[in-house]
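Structural overview for review
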Amino acid sequence: MLDNLPRGTIFIEDIEIGMTRGLQKLITDHDIALFAEVSTDRNPVHLDDAYAQETIFEGRIAHGMLTAALISAVIGEQLPGHGAVYLGQSLRFMAPVRPGDVVRAEVKVLAIDHARRRVTLETLCFVGDTVVLKGEALVLAPSHKFD
């Protein structure tokens, strides 16, 4: 990871609208191979140069869910961080991520329901200035009162 933000927990009592966190990661051939192994998604568009060259992508691409997993890392490590529970996620894949790309994953607080400990987050991934993934997450945030 290429970020330098602290790991840990931001409790719901300390979360504010507009708060953001993020990280960057270089996507390598090794990452793609490992994700294929763990997920059992061995679609050749991810693993076979010759096959992928003949697709609309004209080359290999990373799994979309590998990119989405970086959002999970931000939520689970930074905002809200340790103790957060993922309740839902919408995703739209906007552009491919290729081996060698640096992906920047960001979350931003859109809404807070203190009574239910729910936080709605805008979720984005970029390669350079290009949005490659966008969506929205709903998470249960840890609380000083209950955790």
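Criteria and thresholds
Residues numbered from 1 in each chain as written. Predicted model: local features only at pLDDT ≥ 70, side-chain atom pairs only at ≥ 80, totals over all residues. Heavy atoms only, no water. Helix = DSSP H or I, 4+ residues; strand = E, 2+ residues; numbered from the N terminus. Expected span 1.5 Å × (residues − 1). Buried < 20%, exposed > 50% of the residue type's maximum accessible area, 1.4 Å probe, protein only. Contact = heavy atoms within 4.5 Å. Pairing = 2+ DSSP bridges. Axes fitted to C-alpha atoms, helices over the stretch in contact; angles between N-to-C directions.

1. Some points on helix H4 (residues 64–77)
Counted at 1.5 Å a residue, the expected span for H4 with its 14 residues is 20 Å, and the 20 Å between its end C-alpha atoms agrees. All of the buried residues along H4 are Leu66, Thr67, Ala68, Leu70, Ile71, Val74 and Ile75. On the buried face of H4, the contacting elements are strand S1 (20–26), helix H1 (29–39), strand S2 (85–93), strand S3 (102–113), strand S4 (118–127) and strand S5 (130–140).

2. Quick look at unusual backbone geometry
Trans is the common state for peptide bonds, and a negative phi is the common state for residues other than glycine. Note that the residue after leucine 79, namely proline 80, is joined by a cis bond; omega there is 0°. As for its placement among the helices and strands, proline 80 is situated in the loop between H4 and S2. A positive phi angle, close to 60°, is found at arginine 117, a residue other than glycine. Tracing the sequence through the fold places arginine 117 in the loop between S3 and S4. Relative accessible area serves as the criterion here: at 17%, arginine 117 is assigned to the buried category.

3. With respect to the sheet that holds S1
Pairing is antiparallel across the open sheet formed by five strands, whose spatial order is S1-S3-S4-S5-S2. At either margin of the open sheet sits one strand with a lone partner, and together these are S1 and S2. On average, each strand axis in the sheet is inclined to that of its neighbour by 20°, with strand direction left out of account. Summarising the sheet, S1 and S3 pair through seven bridges and their orientation is antiparallel. Within the sheet, the bridge partner assigned to arginine 21 lies in S3 and is valine 107. H4 rests against S1, S2, S3, S4 and S5 of the sheet, and its axis sits at about 50° to S3.

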